Amino acid sequence: MKIAPSILSADFANLARDIRLVETAGADLLHVDVMDGHFVPNLTFGPSMVAAIRPVTNLGLDVHLMVDDPSLWIPEFAKAGADTLMVHVEATPHIYGTMQAIRYAGCRAGVVLNPGTAVDTLQPLLPIVDQVLVMTVNPGFGGQQFLPDMAAKVAALAALRQTNGYHYAIEVDGGITDQTAPVVLEAGADILVAGSYVYASDDPAARIAALRRA
Ligand code: DX5
Ligand code: ZN
């Protein structure tokens, strides 16, 4: 199991400190939520933020693009230092080509499913993706309630991987705590994104340890 704290809930005025804090506490990856104010009703970071973070940490940068026209941004985020680029299947009619473009740019390619999107939609992509991210909240904001029904998607993806010999990692994002982590881990999740649970706490290191025990 890997833990990917989301900097969406970090203190932006002390971002380098908050990144080092989770790295020291044993985080495996750093999750960066990119929002454009169109695909989701919130605005966050662009490629320059990824470039600024890159020299501050050795953690892999797990970049979650919640943007329309994602293919426009792939070369820039790759150049900025993203390790994995994840695009919503709902954000483009050209999701297959977008996965290819991410690989071509030298990054791991991930596809993301909104809560209302079925796993079936991904069937043609599963042989070529490195990661599948199952949203366990509606994207746009940290601190929302976990949607337990999404665990069935995680289980379906784990079964498809087993049956077909696929290699993607399964990640979950939204409302992950020490209480909800066991639900998705049991279903087969490999990577847990956690924003508010880790950062909206007096002791982020203790929260990472609690997830690790889950
Ligand atoms: C939501 C983002 C998440 C967010 C999760 O759109 O994709 O990564 O940071 O926050 P929590 O863990 O607070 O639900
Ligand atoms: Zn995210």
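About the cut-offs
Residues numbered from 1 in each chain as written. Chains lettered and ligands numbered in written order. Predicted model: local features only at pLDDT ≥ 70, side-chain atom pairs only at ≥ 80, totals over all residues. Heavy atoms only, no water. Pairing = 2+ DSSP bridges. Helix = DSSP H or I, 4+ residues; strand = E, 2+ residues; numbered from the N terminus. Axes fitted to C-alpha atoms, helices over the stretch in contact; angles between N-to-C directions. Phe/Tyr/Trp six-rings, centres within 6.5 Å; stacked < 30°, edge-to-face > 60°. Buried < 20%, exposed > 50% of the residue type's maximum accessible area, 1.4 Å probe, protein only. Arc of directions from axis to C-beta. Contact = heavy atoms within 4.5 Å. Donors = N, O, S within 2.8 Å, 3.2 Å for Na, K, Ca; no water. Near = heavy atom within 4 Å. Polar contact = N/O pair within 3.5 Å; in protein donor to acceptor, adjacent residues only side chain to side chain. Areas by Shrake-Rupley, 256 points an atom, 1.4 Å probe, with all protein chains shown as cover. Nonpolar A, V, L, I, M, F, W, Y, C, P; charged D, E, K, R; others polar.

Backbone-to-backbone hydrogen bonds join strands into a sheet, with any given pair of strands oriented parallel or antiparallel. Strand order in the open sheet made by the eight strands is 1-8-7-6-5-4-3-2, with parallel pairing throughout. A single partner strand is all that each edge strand has here, and the edge strands are strand 1 (2-5) and strand 2 (29-35). For this sheet the average axis-to-axis angle between neighbouring strands, irrespective of direction, equals 25 degrees. Bridge analysis of strand 5 (residues 108-113) against strand 6 (residues 131-135) gives four bridges, and the strand direction is parallel. Within strand 6, the position partnered with Gly 110 by the bridge is Gln 131.

The tally for this structure, following the rule as stated, stands at two aromatic pairs. Taking 5.5 Å as the distance between ring centres and 75 degrees as the angle between the ring planes, the aromatic pair formed by Phe 12 and Phe 45 counts as edge-to-face. Here Phe 12, found in the loop between strand 1 and helix 1 (15-24), pairs with Phe 45, found in the loop between strand 2 and helix 2 (47-53); they are 33 residues apart in sequence, far enough to count as distant. Phe 12 gets classed as partly exposed once you look at its relative accessible area, which sits at 45%.

We now examine helix 1. All of the buried residues along helix 1 are Leu 15, Asp 18, Ile 19 and Val 22. Angular distribution of buried residues about the axis of helix 1 spans 100 degrees; they occupy a single face of the element. As for helix 1, its buried residues are in contact with strand 1, strand 2, helix 2, helix 7 (196-199) and helix 8 (204-213). One or two steps after helix 1, the chain reaches Gly 26, where phi turns positive at roughly 105 degrees.

Before going further, it helps to spend a moment on the coordination of the zinc ion (ligand 2). Within the first shell, the zinc ion (ligand 2) binds the protein through His 31 (NE2), Asp 33 (OD), His 64 (ND1) and Asp 173 (OD), at distances of 2.0 to 2.3 Å. On the primary sequence, the residues serving as donors to the zinc ion (ligand 2) are separated as H-x1-D-x30-H-x108-D. Placement of His 31 in strand 2 and of His 64 in strand 3 (residues 60-66) is noted, with a sequence separation of 33 residues between them. For His 64, a relative accessible area of 0% translates into the label buried.

All right, on to the site of ligand 1 then. If you check the shell around ligand 1, you find 20 residues, and the closest are Asp 33, Gly 140, Gly 143, Asp 173 and Ser 196. At 3.2 Å, a side-chain N or O of His 64 approaches an oxygen atom of ligand 1. Contact distances for ligand 1 include 2.8 Å between an oxygen atom and a backbone N or O atom of Gly 195. Calculation on ligand 1 without its partners gives an accessible area of 380 Å², and the protein chains cover 99% of this total. Of all the secondary-structure elements, those providing two or more residues to the shell around ligand 1 are strand 2, strand 3 and strand 8 (191-194). Among the elements that take part in the shell around ligand 1, strand 2 stands out by supplying three residues, more than any other. In the shell around ligand 1, the residues fall into eight nonpolar, 10 polar and two charged.

Keep in mind that these numbers describe shape and distance, not what the molecule does.
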